[in-house]
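# Secondary and tertiary structure notes
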Amino acid sequence: MSRLEAAMAQVDDLRMHYLRGGDGPPLFLLHGWPQTSHCWHRVAGPLTETHTVIAPDLRGYGRTDKPRTGYDKRTMAADVAKLAEQLGFDRVAVAGHDRGGRVAHRWALDRPDQVERLAVLDIAPTREMWRRLDRDLGKAYWHWLFHLQPDLPELLAGQNIAAYLGYFFERWTFQRQGLPAEDVAEYVRAFEAPGALRAGFDDYRASFPDDADLDDADYAAEKRLTQPVLAMWGKSGLLGSLPTHEIWRDYARDVTGIGLDDCGHFLPEEQPSQVVAHLREFLAR
């Protein structure tokens, strides 16, 4: 990733890998599944012109440790919150894609004193996705249900990690050509590491009961995001068929919604210039 340097931090018992570059207000970039901090390589450079960019590998991903526990979003959010504190940042902006967006959502809910702006890329709130699950969403989000199962995803996906991950990179992109081979190779290498497949699936398995119970309790208590929120999604992706902007308005007080043309799920890699432009505008307000 150009303009960013790799570093390690000890966050409690977790050794966390992150990339850092630039100067200015801090901007944390949180990746999703099945990726690592590498997913930001097309947008991080331009963003370092105005911000200090920090892109960590989340708990269980990439070069960060892969413990057996702690994949609920509250713990994963606390990991990055403590990293921010270690780096000397009192207030940060956060952008999260996919599973990283869910970590970012929880971080902003739990620490409104720390997170001043939030951008979520190609997600709707987890609670809302479960609530709306029907035949069509079940067909599109089958992997959520599969990844919840104990042991079986590791057994089957582990037979051919490249083919399993490649399925998503091909099916979830607008051009249907997948991501560049060198980027796919980086993600395959990451998920071939010992414990990596299990940790990624544990991220999904934490959906019940930990994440779901906490999300339901917050919603019932009328706890909503108070920061400005930017929701971006690919119009040709899974979120393009949902009223994504309206959904987020029920979970946040100040939401800007933007759908990207000719874009599937992997916004930072499929439409990096649009992502950079919208993030810059949002962060400059």
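Placed above this text is the structure.
Everything quoted here is computed from the prediction, not taken from an experiment.

Here the focus is helix α8 (residues 161-171). Taken as a whole, α8 has its buried residues at Ile161, Tyr164, Leu165, Phe168 and Phe169. Considered in projection along α8, the buried side chains sweep an arc of 135° and stay on one side of the axis. Here the buried face of α8 lies against α6 (142-147), α7 (152-157), α9 (181-191) and α10 (196-205).

On to unusual backbone geometry. Backbone torsion omega between Trp33 and Pro34 reads 0°, so that peptide bond is classified as cis. Cis peptide bonds are those with omega within 30 degrees of zero, and the linkage from Phe208 to Pro209 qualifies with 0°. Tracing the chain through its elements places Pro209 in helix α11 (residues 207-220). Notably, Asp98 is not glycine yet its phi reads approximately 55°, a positive angle. Here Asp98 falls in the buried class, since its relative accessible area comes to 9%. Residue Asp151 is not a glycine yet carries a positive backbone phi of 75°. Residue classification places Asp151 among the exposed positions, given a relative accessible area of 59%.

Thresholds applied
- Residues numbered from 1 in each chain as written.
- Predicted model: local features only at pLDDT ≥ 70, side-chain atom pairs only at ≥ 80, totals over all residues.
- Heavy atoms only, no water.
- Buried < 20%, exposed > 50% of the residue type's maximum accessible area, 1.4 Å probe, protein only.
- Helix = DSSP H or I, 4+ residues; strand = E, 2+ residues; numbered from the N terminus.
- Arc of directions from axis to C-beta.
- Contact = heavy atoms within 4.5 Å.

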